[in-house]
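# Structural features, examined
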Amino acid sequence: MQNIQMVDLKTQYSKIQAEVDEAVLEVIRSAAFINGPKVKSFQANLEAYLGADTNVIPCANGTDALQIALMALDLKPGDEVIVPSFTYVATAEVIGLLGLKPVMVDVDPHTFNVTAEIIAEAITPATRVIVPVNLFGQSCDMEPIMALADKHKLWVVEDNAQAIGADYIFAGGRSQKTGTIGHIGCTSFYPSKNLGAYGDGGALYTSDKALAERIRVVANHGQQRTYYHDHIGVNSRLDSVQAAILDIKLRHLDAYAEARQTAAAAYDAGLMDVKDLVIPARQHNSTHVFHQYTLRVTNGKRDELQAFLREKGVPSMIYYPVPLYKQEAYSHYAPDDFELPVTEQLCREVISLPMHTELNREMLNYIIDTVQSFFA
Ligand SMILES: *Cc1c(COP(=O)(O)O)cnc(C)c1O
């Protein structure tokens, strides 16, 4: 058996190598390095993939996408932004960077996502934005979150860095791609993400044309016309080489999601009956594209399990080990005794198994057997 990796990008590349190599060389030969035709083409193809009225604004990475989204919303220092405490740091980082106040909230213990009920309790007169994070590959329950935002006149910026390609299903049965339901969606093309470049990349999406225009201006030095700057903006572009690669990989995105779902189903079947282990719950109104396959270890032996797996050649990761409000840089946003019980519990219990598009049955069996043997 080959070495088991947390993420295997080399094997994935080997299957599309001829196409990718040619597209990269084309960019170099054309010297259209900045905002060239490959960027336009990828933007148009991603718009088509996400749905008819979605405007895509490519940018340099997922963190920039979140920052640009908040900069486009005309907020003022001290405005409150509600954000889950169980997420990657980038989500809260940009809030702090812009002088806004992150208000950290708990998540649902089963889906790991924030809910409208949790958000509702954190709304104050200073709240301006909600940033739901579609964690590990499935959507938050967006319909009630949008209704809540409507009622309180709040913006919703979806952090969709981990869930590109997943579908949210409305109560009426209609489905829509994750990230297109909030006023703005943000995504990352970091190499290990479900749609990963061979370097950094990101994008924003919105169906609001005026908002799309504001976002474009912010991402381009605050200029509507070259050399006329109406706002302070940033310089955040998707590289043409990365766009060429992403344009090819976008065609495989649904097949990649299926490969991840197949691996997740195998893990489920092999691990669902293991005592002290909880398999990931599926949000009832979302498909799951498994950016991560995350288990909960409920007998307090998560770290022992991880050491055991490492010894047996099975990599694993803890996403995320520390609640945001306990991070040195963010603790001042919360009172001293601040504690969110579910976040605390998840930080102690979660462990993510290898998840990528190249896991074969032999690898999955080995991983499942190894996990089972720890609990036997
Ligand atoms: C990866 C990620 C980001 C940041 O994306 P980068 O491209 O690395 O800047 C933001 N939020 C979440 C939830 C992520 O997983």
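Numbering of residues begins from 1 in every chain and follows the order in which that chain's sequence is written. Local features in a predicted model are, by the rule used here, given only for residues with pLDDT of at least 70; side-chain atom pairs are given and counted only at 80 or more, and totals for whole chains, interfaces and linings are based on all residues. As a rule here, side-chain values come from all non-hydrogen atoms in the structure, and water together with hydrogens is ignored.

### Quick notes on the sheet that holds strand β4 (residues 127–130)
Counted only if it meets this: Between any two strands, at least two bridges found by DSSP are needed for them to pair. Helix and strand labels come from DSSP, where a helix needs a run of H or I of at least four residues and a strand needs a run of E of at least two; each type is numbered from the N terminus. The axes are straight lines fitted to the C-alpha atoms, using for helices just the contacting stretch, and the angles between their N-to-C directions are given from 0 to 180°.
Taken together, seven strands build an open sheet; the order of strands is β1-β9-β8-β5-β4-β2-β3 and the sheet is mixed. Taken across any chain shown, the strands that pair with only one partner, and hence form the sheet edges, are β1 (55–59) and β3 (101–105). Within this sheet the neighbouring strands show an average axis-to-axis angle of 25 degrees, counted without direction. Where strand β2 (residues 80–84) lies against β4, three bridges are found, and the strand directions are parallel. Residue pairing for β4: Ile82 is matched across the bridge by Ile130.

### Brief notes about the packing of aromatic side chains
Convention followed: Paired rings are identified among Phe, Tyr and Trp, the last through its six-membered ring, by centres lying within 6.5 Å, and are further divided according to the angle between planes into stacked (under 30 degrees), edge-to-face (over 60) and tilted (the rest). Partly exposed residues are those whose accessible area sits between 20% and 50% of the maximum for their type, while under 20% is buried and over 50% is exposed, using a 1.4 Å probe and protein chains only. Our definition puts a charge over a ring when NZ of Lys or CZ of Arg is within 6 Å of the ring centre and also within 35 degrees of the ring normal.
Counted under the stated rule, the structure contains 16 aromatic pairs. On the basis of an interplanar angle of 85 degrees and a centroid distance of 5.0 Å, the ring pair of Tyr168 and Phe170 is categorised as edge-to-face. Take Tyr168 and Phe170: they sit in the same class, and that class is buried. In this structure, Arg174 packs its charged tip against the face of Phe170, placed 4.3 Å from the ring centre. Lying across the ring of Tyr228, Arg225 places its NZ or CZ 4.0 Å from the centre.

### Quick word on the sheet that holds strand β13 (residues 293–297)
Here is the rule we go by: The criterion used for residue contact is that any of the two residues' heavy atoms lie within 4.5 Å.
The three strands are arranged β12-β13-β14 in an open sheet whose pairing can be described as antiparallel. With one partner strand each, in any of the chains shown, β12 (277–278) and β14 (350–353) form the two edges of the open sheet. Sheet topology places β12 next to β13; two bridges connect them, and they run antiparallel. Residue pairing for β13: Leu277 is matched across the bridge by Val297. Here helix α12 (residues 341–349) sits on the sheet in contact with β13 and β14, set at roughly 100 degrees to β13.

### Points about the state of the cysteines
Here is the rule we go by: Criterion for a disulfide: a pair of cysteine sulfur atoms within 2.5 Å.
Evaluation of the coordinates by the stated rule reveals zero disulfides. You can see Cys59 has no disulfide; the closest cysteine sulfur is in Cys186, sitting 7.6 Å from it. Classification of Cys59 by relative accessible area gives buried; the value is 0%. In this structure Cys347 is not part of a disulfide, and its nearest cysteine sulfur, from Cys140, lies 17 Å away. For Cys347, a relative accessible area of 5% gives the class buried.

### Remarks on the site of the ligand
Put simply, the test is: The nearness test applies per residue and asks whether one of its heavy atoms lies within 4 Å of the molecule or strand. For this analysis, a polar contact is any N or O atom pair within 3.5 Å, provided that within protein one partner can donate a hydrogen and the other can accept it, and provided that sequence-adjacent residues contribute only side-chain to side-chain pairs.
The full set close to the ligand counts 14 residues, and Gly62, Thr63, Asp159, Ser188 and Lys193 are the nearest of them. Asn61 is positioned with one of its side-chain polar atoms (N or O) 3.5 Å from an oxygen atom of the ligand. Between the ligand and Thr63, the relevant distance is 2.5 Å, taken from an oxygen atom to a side-chain nitrogen or oxygen of the residue. No other element matches the three residues that helix α4 (residues 62–71) contributes to the shell around the ligand.

### Some thoughts on the pattern of salt bridges
When the charged atoms of two side chains with opposite charge come close together, those side chains can pair. Put simply, the rule reads: The rule for a salt bridge is simple: a side-chain nitrogen of Lys or Arg has to be within 4 Å of a carboxyl oxygen of Asp or Glu.
For the structure on display, the rule yields 12 salt bridges. Close ionic contact of Asp167 with Lys177 constitutes a salt bridge, the shortest N to O distance being 3.1 Å. Of the two residues, Asp167 sits in strand β6 (residues 167–169) while Lys177 sits in strand β7 (residues 175–177), which places them 10 residues apart along the sequence. Given a relative accessible area of 13%, Lys177 falls into the buried group. The closest approach of N and O atoms between Lys275 and Asp276, which form a salt bridge, is 3.6 Å. When its relative accessible area of 64% is taken as the criterion, Lys275 is described as exposed.

### Concerning the nonpolar core
Soluble, globular proteins show a tendency: their nonpolar side chains are buried together. Let me state the cut-off plainly: The definition of a nonpolar core used throughout is a set of buried Ala, Val, Leu, Ile, Met, Phe, Trp, Tyr and Cys residues joined through side-chain atoms within 4.5 Å. Domain boundaries shown here were taken from an automatic or database domain assignment.
In terms of nonpolar packing, the biggest core is built from 58 residues, with Phe86, Tyr267, Leu271 and Leu353 touching the most fellow members. The dominant element in this core, judged by the number of residues it contributes, is helix α13 (residues 361–375), at six residues. Residue-level mapping places this core at the junction of two domains, with at least three residues from each of domain 1 (9–250) and domain 2 (253–375). Among residues more than four places away in sequence, those in contact with Leu353 are Met6, Tyr267, Leu271, Tyr293, Leu295, Leu309, Ile367 and Val371. Within the second largest apolar cluster, 34 residues are counted, among which are Ile95, Cys186, Ala219 and Tyr330.

### Here's the deal with the domain arrangement of the protein
Rules: Note: buried area is the sum, over both parts, of the accessible area (probe 1.4 Å) each one loses when the two are combined.
According to the domain assignment, the protein contains domain 1 (9–250) and domain 2 (253–375). Taking only C-alpha atoms, the centre of domain 1 and the centre of domain 2 are 24 Å apart. Overall, the association of domain 1 and domain 2 removes approximately 3,800 Å² of surface from exposure, summing both partners, and the carbon and sulfur fraction of that is 59%. The largest contributions to the domain 1 side of the interface with domain 2 come from Met104, Phe136 and Asn194, which together make up 20% of the buried area. The interface formed by domain 1 and domain 2 holds one salt bridge in total. Residues Lys15 and Glu358 are paired through a salt bridge, measuring 2.4 Å at the closest nitrogen-oxygen approach.

### Observations concerning the pairing of strand β5 (residues 155–159)
In plain terms, the rule: With the strands aimed away from the viewer, a crossover counts as right-handed if its path from the first strand over the helix to the second runs clockwise.
Burial analysis of β5 places four of its five residues in the buried class, which makes it a mostly covered element. In this sheet, β5 lies alongside β4 in parallel orientation, the contact comprising two bridges. Bridge pairing in β5 links Val129 to Trp155. Assessed by its sense of winding, the connection that carries the chain from β4 through helix α7 (residues 142–152) to β5 is right-handed. Two elements, β5 and strand β8 (residues 184–188), share three bridges in a ladder whose sense is parallel. Within β8, the position partnered with Val157 by the bridge is Ile184.

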